[in-house]
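Results of the structural survey
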Amino acid sequence: MTTGGDRAAGRGVRGDLFDPDCPTRQLLDRIGTKWTSMAVKTLADAAPDEVRFAELRRRMPGVSQKMLSVTLRSLTSDGLVSRRVEPTVPPRVFYRLTGLGLSLEAVLAGLRTWAEEHMAEIERANEANGQEAGGG
């Protein structure tokens, strides 16, 4: 018997978010972070050009060198970002979105737009619920 996770591991087979063994869950964890969204947006804005690591970090306020490195490593591993290293001292490392990464940017752009348009409403709901929880 195969599970959705087994099927999703095969090429060209759609995953199943509701199957606890499906790798779709781990993928959503990776692409659903603020740093992933910011990195993909920054690289999409530069597309088709490459962006150096240091420039990416400058364009992503608040990201640490380690977190950016981890994020880019994950995106590269998933085939969303390509990485090129120039053998200089120190090495110059460049990143760009792949076609798959560009397709993710379209989806993340919609999510970012929704979040930005509804943030005030969400904050009001959090404040109201915090007040109710504290008063009861």
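Structure shown above.
Residues numbered from 1 in each chain as written. Predicted model: local features only at pLDDT ≥ 70, side-chain atom pairs only at ≥ 80, totals over all residues. Heavy atoms only, no water.

**A look at the overall build of the chain**
- Scanning the chain from terminus to terminus reveals six helices and three strands.
- Secondary structure elements in the chain, listed N-terminal to C-terminal, are α-α-α-β-α-α-β-β-α.
- For the chain, buried positions account for 26% of its 136 residues.
- Long-range pairs, those at least 24 residues apart, make up 40% of the contacts in the chain with a sequence separation of at least 6.
- Summing over all exposed atoms, the chain offers an accessible surface of approximately 9300 Å²; the carbon and sulfur share of this is 55%. (Helix = DSSP H or I, 4+ residues; strand = E, 2+ residues; numbered from the N terminus. Buried < 20%, exposed > 50% of the residue type's maximum accessible area, 1.4 Å probe, protein only. Contact = heavy atoms within 4.5 Å. Areas by Shrake-Rupley, 256 points an atom, 1.4 Å probe, with all protein chains shown as cover.)

**Considerations on the sheet that holds strand S3 (residues 92-97)**
- Read across the open sheet, the three strands follow the order S1-S3-S2; overall the sheet is antiparallel. Two strands in the sheet have a free side with no partner beyond their single neighbour: strand S1 (51-52) and strand S2 (81-86).
- Bridging between S2 and S3 involves six bridges; their strand directions are antiparallel. Its bridge partner being in S3, Arg83 is matched across the sheet by Tyr95.
- Along the sheet, helix H3 (residues 34-46) makes contact with S1, S2 and S3, crossing S3 at roughly 90°. (Pairing = 2+ DSSP bridges. Axes fitted to C-alpha atoms, helices over the stretch in contact; angles between N-to-C directions.)

**Details of the pairing of S3**
- Sheet topology note: the S1/S3 ladder contains two bridges and is antiparallel. Bridged to Arg52 within S3 is Phe94.
- The hairpin formed by S2 and S3 contains five residues between the paired strands.

**Let's talk about the packing of H3 against helix H5 (residues 65-77)**
- Two elements in contact, H3 and H5, have axes separated by 10 Å at closest approach and are oriented at 75°. Taken as axis vectors, H3 and H5 run roughly perpendicular relative to one another. Contacts between H3 and H5 involve Trp35, Thr36, Ala39, Val40 and Leu43 from the first element and Met67, Thr71, Leu72 and Leu75 from the second.
- Grouping the constituent residues of the contact of H3 with H5 by class yields seven nonpolar, two polar and no charged. (Parallel < 35°, antiparallel > 145°, perpendicular 65-115°, else oblique. Nonpolar A, V, L, I, M, F, W, Y, C, P; charged D, E, K, R; others polar.)

**Topic: the pattern of salt bridges**
- Tallied over the entire structure, the rule returns nine salt bridges.
- Note that Arg59 is salt-bridged to Glu55, the shortest N-O span being 2.8 Å. Here Glu55 and Arg59 lie together in helix H4 (residues 53-59), a separation of four residues that amounts to about one turn.
- Judged by relative accessible area, Arg59 falls into the partly exposed class, the value being 40%.
- For Glu55, a relative accessible area of 25% translates into the label partly exposed.
- Connected via shared salt-bridge partners are Glu50, Arg84, Glu86, Arg92 and Arg96. (Salt bridge = Lys/Arg side-chain N within 4 Å of Asp/Glu carboxyl O.)

**Observations regarding the environment of Leu80**
- Residue placement: Leu80 occurs in the loop between H5 and S2.
- Sequence separation of Leu80 and Leu97 is 17 residues, and the distance between their C-alpha atoms is 5.9 Å.
- Beyond its immediate sequence surroundings of up to four residues, Leu80 is in contact with Ile31, Leu75, Arg96, Leu97, Thr98, Leu100, Gly101 and Leu104.

Just geometry here; none of it tells us what the structure is for.
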